[in-house]
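Here are the chains, one letter per residue:
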Amino acid sequence: MKPDIYTQVGSIRLERPTMLASGILGISLDVFARLYQAGAGALVTKSLSKEPWEGYVNPTVIGVEAGYLNAVGLSNPGAPYFAKMISSNKTIPIIVSLVGSVEEDFTFMIKQFEDAKILGYELNLSCPHVEKVGLEVGDDPELVKKIVKSVKSKSKVPVIAKVGLGSSDYLDTVQAACEAGIDAITAINTLRAMAIDVETARPILSNKIGGLSGPAIKPIAVRCVYEISSKFNIPIIGCGGISDWKDAIEFIFAGSSAVQIGSVIGEKWIGVFSEINDGISKYMEKKRFSKISEMVGIAKRF
Amino acid sequence: MQRDFDKPTMVKIEKVIEETPTVRTLVFSDDVLSAVLPGQFAMVWIPGVNELPMSVMVYLEKGRAAFTIRKRGVASTSLYEVKVGEYIGVRGPYGNSFAIRQGNLLLVGGGTGLVPLMRLLTFLKKNDNVTVLIGSNTKKEVFFEKMANQILANNKHQVIVTTEDGSYGTAGVVTDVMEKLIFEKKFDAVYTCGPEKMMYKVVQLASSKKIFVQASLERMMKCGIGICGSCCIKEELVCHDGTVFDGKYLLSNKEFGYTHRNKSGIIENY
């Protein structure tokens, strides 16, 4: 019998373990529908703010060794506009990513989505290139605790925190989120990085510093998932440089219940979702696993 | 090599051609961009200013390519003002290209939308009978008429220029001339690039006569490689699925001809 590749991230059930990572392709419901058709188990939106954000001037995304460097600047149409856009959604499993500085930002945005059909929220506590939000929030465990508490008290759907590597110990951020009642953790976001053009001596990104994604950060992300999984009893979604089914399995063995796919889309396009799903399924058949949950975190037994 | 490919390669501007008082062509040497397909674009970095998606202009010399730019906003004006000897960064080519048909071909371009069409001309076969419609608002803003005639020297062809103020060529807009042409003569394919309202009319006209038609679209672009999502038009990404789309598809896409997204992703009317 062909193994079923559904997975459970806490109370969120996904028919397939490959999710679209936040920031990638996520501003149109029509594109979500296309990606869902292509095999994504869930779609995480671009991080939404209270107001529309234009983001930074180009160059915002460039290729570097083994990945991409981006400082898009969290451009997004704003939570109210976005909520209206997805109000017609019935069948697509959408997770809404939110970015803000204080509790009120998040609770305001959650109010916009009260009637929307969504699977949950993902709090962006880890974008490394915009001031006063993202990683600057994630680096402050006390603030994280406050935000998660207020979001949890208002949200009717599960809440995930996306963490990254900033200036404080990310495990303290995870701990704060767990203590405040978070439902799951996504790890990790891009890592602060830059590239300088040798002809002109100029930093290439307009924001100078951006976030590194892609294969270059994968081993770091695997380590983080493994550490979180070893220390906390919390569902984890792995993210960082996943490019094929082997990468996905590696994250699952480290402790992820699902994985997020991003940069590889630039290289393989959206067929990569079904490619990874099929690869996982074949691997499970060969190794006689009947469900994903049997594989989650098994590298920890050694 | 995908990853090196997505990092800007610096090229030196070797020649600047004044096309009109507001349009210039910047010529440089680059083996990759000199060989792109018609419709493909590059992301062009003006160091310290911005990065813009630009259709790659043909330059009739091996190993060289060009960008043709009209000064408008801050970014396009700084690219327009780049001088011989200065460097710009290029990454790409990205996107698909026109499907090249044979027979009686009609190309309809407005302004810098002529760029992919000029490149397309260099890909046509000797037996093709080619009609090029060039739309402009006034005489001094007409460009590429000579170049079109030069590329098509060995083809049966005609280049028709229209100006809205009637100061040169046929008075009026290109789509009026096109309407007449397609009633007089049978065309095997129509290709268009220019202002979206113009392209919408071109696609409608061609479709009404059941002629194969393709248009090369423009949208707000950031990454150029299909990951940021800024350039989506319904479910399609202009940078990855386009820039060239079949007219048949475009007429089913409710955003074509009517709306585009701004920098934050909000849909705005044209």
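Because the structure is predicted, anything quoted here is derived from the model rather than measured.

## Remarks on the overall build of chain B
Next, step 1: Counting its regular elements, chain B contains 8 helices and 18 strands.
Next, step 2: Relative to the 2.2 N^0.38 estimate, which gives 18 Å for 270 residues, the radius of gyration of chain B is 18 Å and therefore close to what a compact globule would have.
Next, step 3: Residues classed as buried in chain B amount to 60% of the 270 residues present.
Next, step 4: Taking contacts inside chain B between residues at least 6 apart in sequence as the whole, the part at least 24 apart equals 66%.
Next, step 5: About 11000 Å² of surface is accessible on chain B, with carbon and sulfur atoms providing 50% of the total.
Next, step 6: When the 34 positive and 28 negative side-chain charges of chain B are each reduced to one mean point, those points stand 2 Å apart.

## As for the pattern of salt bridges
Next, step 1: Scanning all chains against the criterion turns up 19 salt bridges over all chains.
Next, step 2: With its nearest N and O atoms 3.8 Å apart, the salt bridge here joins A:Asp30 to B:Lys234. Placement of the pair is A:Asp30 in helix H1 (residues 29–37) and B:Lys234 in the loop between strand S14 (232–233) and strand S15 (236–237), with the two residues belonging to separate chains.
Next, step 3: Residue A:Asp183 pairs with A:Lys152 through a salt bridge whose shortest N-O separation is 2.7 Å. Placement of the pair is A:Asp183 in the loop between helix H6 (170–179) and strand S10 (184–187) and A:Lys152 in helix H5 (residues 141–154), with a sequence separation of 31 residues.
Next, step 4: With a relative accessible area of 27%, A:Lys152 lands in the partly exposed category.
Next, step 5: By sharing partners, the salt bridges in this structure join A:Arg34, B:Glu236 and B:Asp241 into a single network.

## Details of the nonpolar core
Next, step 1: Counting residues in hydrophobic clusters, the biggest one holds 138 residues, and the most contacted among them are A:Phe113, A:Ile228 and A:Ile265.
Next, step 2: Sorting elements by how many residues they give to this core places helix H7 (residues 196–208) of chain B first, with 7 residues.
Next, step 3: Setting aside residues no more than four positions away along its own chain, A:Phe113 makes contact with A:Leu48, A:Ala79, A:Phe82, A:Ala83, A:Ile86, A:Val96, A:Leu98, A:Ile118 and A:Tyr121.
Next, step 4: Counting 33 residues, the second-largest nonpolar core is a separate cluster that includes B:Phe98, B:Met118, B:Ala148 and B:Leu152.

## Some thoughts on the interface of chain A and chain B
Interfaces are often sized by the accessible area lost when the parts come together.
Next, step 1: Taken residue by residue, the interface counts 42 residues in chain A and 37 residues in chain B.
Next, step 2: For the pair chain A and chain B, the two sides together bury roughly 3400 Å², of which 60% comes from carbon and sulfur.
Next, step 3: Counting the surface chain A buries against chain B, the share from its top three residues, A:Ile27, A:Asn58 and A:Trp269, is 16%.
Next, step 4: Counting the contacts that link chain A with chain B gives 4 salt bridges.
Next, step 5: B:Lys7 serves as the salt-bridge partner of A:Glu65, at 3.9 Å between the closest nitrogen and oxygen.
Next, step 6: Every element with two or more residues in the side of chain A that touches chain B is listed here: H1, strand S5 (61–64), strand S6 (67–70) and helix H9 (265–268) of chain A.
Next, step 7: Counting residues per element, the side of chain A that touches chain B draws most heavily on S5(A), which supplies 4 residues.

## Details of the packing of aromatic side chains
Residues and elements named next belong to chain A.
Next, step 1: Tallied over the full model, the rule gives 12 aromatic pairs over all chains.
Next, step 2: Residues phenylalanine 32 and phenylalanine 82 carry aromatic rings whose centres are separated by 6.4 Å and whose planes lie at 65 degrees to one another, so their mutual orientation is edge-to-face. Of this pair, phenylalanine 32 sits in helix H1 while phenylalanine 82 sits in helix H2 (residues 79–85), and the two are 50 residues apart along the sequence.
Next, step 3: By relative accessible area, phenylalanine 32 is classed as buried at 0%.

## Observations concerning the domain arrangement of chain B
Residues and elements named next belong to chain B.
Next, step 1: Each domain of chain B was delimited in the assignment, giving domain 1 (2–94), domain 2 (98–211) and domain 3 (217–270).
Next, step 2: Between the C-alpha centres of domain 1 and domain 3 the distance comes to 22 Å.
Next, step 3: The interface of domain 1 with domain 3 comprises 8 residues on the first partner and 8 residues on the second.
Next, step 4: The tally of links between domain 1 and domain 3 comes to 0 salt bridges.
Next, step 5: The tally of links between domain 1 and domain 3 comes to 2 residue pairs in polar contact (both at pLDDT 80 or more).
Next, step 6: For the side of domain 1 that touches domain 3, the secondary structure elements donating two or more residues are strand S3 (41–46), strand S4 (50–55) and strand S7 (87–94).

## Things to note about the packing of H6(A) against helix H7 (residues 218–231) of chain A
Residues and elements named next belong to chain A.
Next, step 1: The interhelical angle for the contact between H6 and H7, taken along N-to-C directions, is 45 degrees, at an axis separation of 11 Å. The orientation of H6 relative to H7 falls into the category oblique. As for the relative orientation of H6 and H7, their crossing is right-handed in sense. Contacts between H6 and H7 pair Tyr170, Leu171 and Val174 from the former with Arg223, Cys224, Glu227, Ile228 and Lys231 from the latter.

## Section: the sheet that holds strand S5 (residues 57–58) of chain B
Next, step 1: Strand order in the open sheet formed by 7 strands is S4-S3-S7-S1-S2-S6-S5 (chain B), and the pairing between neighbours is antiparallel. The open sheet has two edge strands with one neighbour each: S4 and S5 of chain B.

## Quick word on the sheet that holds strand S16 (residues 244–246) of chain B
All names here are of chain B.
Next, step 1: Within the open sheet, the 7 strands sit side by side as S11-S10-S9-S8-S12-S13-S16. Their pairing is mixed. Where the open sheet ends on each side, the last strands, each with one partner, are strand S11 (170–171) and S16.
Next, step 2: With 7 bridges connecting them, strand S8 (residues 104–110) and strand S9 (residues 129–136) associate as parallel partners. When the sheet's bridge partners are listed, valine 108 is paired in S9 with leucine 133.
Next, step 3: Here helix H4 (residues 114–121) sits on the sheet and contacts S8, S9 and strand S12 (189–193); the angle it forms with S8, its principal contact strand, is near 155 degrees.
Next, step 4: In the packing of helix H6 (residues 174–184) onto the sheet, contacts are made with S8, S9, strand S10 (156–163), S11 and S12, and the angle to S9 comes to roughly 155 degrees.

Analysis parameters
Residues numbered from 1 in each chain as written. Chains lettered and ligands numbered in written order. Predicted model: local features only at pLDDT ≥ 70, side-chain atom pairs only at ≥ 80, totals over all residues. Heavy atoms only, no water. Helix = DSSP H or I, 4+ residues; strand = E, 2+ residues; numbered from the N terminus. Rg over C-alpha atoms; globule rule 2.2 N^0.38 Å. Buried < 20%, exposed > 50% of the residue type's maximum accessible area, 1.4 Å probe, protein only. Contact = heavy atoms within 4.5 Å. Areas by Shrake-Rupley, 256 points an atom, 1.4 Å probe, with all protein chains shown as cover. Lys, Arg positive; Asp, Glu negative; His and termini not counted. Charge placed at Lys NZ, Arg CZ, Asp CG, Glu CD. Salt bridge = Lys/Arg side-chain N within 4 Å of Asp/Glu carboxyl O. Core = buried A, V, L, I, M, F, W, Y, C linked by side-chain atoms within 4.5 Å. Buried area = accessible area lost by both parts, 1.4 Å probe. Phe/Tyr/Trp six-rings, centres within 6.5 Å; stacked < 30°, edge-to-face > 60°. Domains from an automatic or database assignment. Polar contact = N/O pair within 3.5 Å; in protein donor to acceptor, adjacent residues only side chain to side chain. Axes fitted to C-alpha atoms, helices over the stretch in contact; angles between N-to-C directions. Parallel < 35°, antiparallel > 145°, perpendicular 65-115°, else oblique. Left-handed = near helix turned anticlockwise from the far one by under 90°. Pairing = 2+ DSSP bridges.

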